Every structure is written in structure tokens, then in C-alpha cells.
Amino acid sequence: MAEQQEQQDAAAPTPDEALGYEHARDALLDVVRQLENGGTSLEESLALWERGEQLAKVCQRWLDGARARLDAALAAEEGGAPDEE
């Protein structure tokens with residue numbers, strides 16, 4: 001029973017993965033602002049940095065997915081158009 005729960009937990013998206021690109025980007029900007037402003041302890045700064053890394057990965061996944069969709073659309077368009085020679 002516990003093993004089944006662990007498998008479900010591993011398959012379920014983390015809250016960060018469920019974020020849309022714009023939300024993740026805005027949250028990342030907030031993290032950067034907080035780090036740039038300073039005034040946080042070392043522990044808080046490390047936690048912010050780790051959060052920023054997670055958010056950056058979410059943004060990168062969205063951008064990679066968008067690039068793949070654009071590439072596929074362009075390839076389909078080029079494959080379906082007659083040659084202009």
C-alpha cells in the first residue's frame with residue numbers, strides 16, 4: 001500500500017511543474033529581486049536560490065516545449081508546401 005502511494009507521489013506533478021510559464025517567470029523575478037535587495041540571512045538566501053533554480057527549470061521546460069512545437073509546425077509547413085524551384 002505504501003509503495004503504491006510512493007509511485008503516485010512520484011508521478012504527480014510538483015506544484016512548480018503545474019505552474020504556467022508566466023507564473024513561474026514572475027515568481028523567478030520576485031526571487032531575483034529579493035536576492036538582489038539583500039538583507040537576508042545565508043539560510044534564507046540559499047533557500048531563495050534553490051527556489052529560483054526550480055523556477056528556472058520550469059521556465060526552461062516551457063520554452064523547450066514551445067520551441068519543439070514551433071519546429072514541428074515549421075517542418076509540417078515545409079513538408080506540405082510544394083517546391084518552388
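Residues numbered from 1 in each chain as written. Predicted model: local features only at pLDDT ≥ 70, side-chain atom pairs only at ≥ 80, totals over all residues. Heavy atoms only, no water.

Quick notes on the overall build of the protein chain
Spelled out, the test is: Helix numbers and strand numbers start at the N terminus; a helix is a DSSP run of H or I with at least 4 residues, a strand a run of E with at least 2. Each residue gets one of three labels from its accessible area relative to the maximum for its type: buried under 20%, exposed over 50%, partly exposed in between, using a 1.4 Å probe on protein chains only. Throughout, a contact is declared for two residues whenever any of their heavy atoms are within 4.5 Å. What sets the accessible areas is the Shrake-Rupley method with a 1.4 Å probe; for residues, cover comes only from the shown protein chains.
Helix and strand counts for the protein chain stand at three helices and zero strands. Counting from the amino terminus, helix and strand elements in the protein chain follow one another as α-α-α. In the protein chain, which comprises 85 residues, the proportion classed as buried is 9%. By sequence separation, contacts in the protein chain at least 24 residues apart represent 73% of the contacts at least 6 residues apart. Element-wise, carbon and sulfur atoms account for 54% of the exposed surface of the protein chain, whose accessible area totals about 7100 Å².

Quick look at the confidence of the model for the protein chain
Rules: What pLDDT expresses is the predictor's confidence in each residue, scored from 0 to 100.
Averaged over all residues, the pLDDT of the protein chain equals 85, while 75% of them reach at least 70. The least confident element of the protein chain is helix H1 (residues 2–11), whose mean pLDDT is 51; the most confident is helix H2 (residues 21–37), at 97.

Considering the environment of Gln-60
Looking at where Gln-60 falls in the secondary structure, it is placed in helix H3 (residues 42–80). As for Gln-60 and Arg-25, which are separated by 35 residues in sequence, their C-alpha atoms are 9.9 Å apart.

A closer look at the environment of Asp-26
Rule in force here: Any pair of N or O atoms that falls within 3.5 Å is considered a polar contact. Within protein, one atom must be able to donate a hydrogen and the other to accept it, and sequence-neighbouring residues count only if both atoms are side-chain atoms.
On the secondary structure map, Asp-26 appears in helix H2. In sequence terms Asp-26 and Leu-55 are 29 residues apart; their C-alpha atoms lie 9.4 Å from each other. In terms of polar contacts, Asp-26 uses its side chain to reach the side chain of Arg-25, at 3.2 Å.

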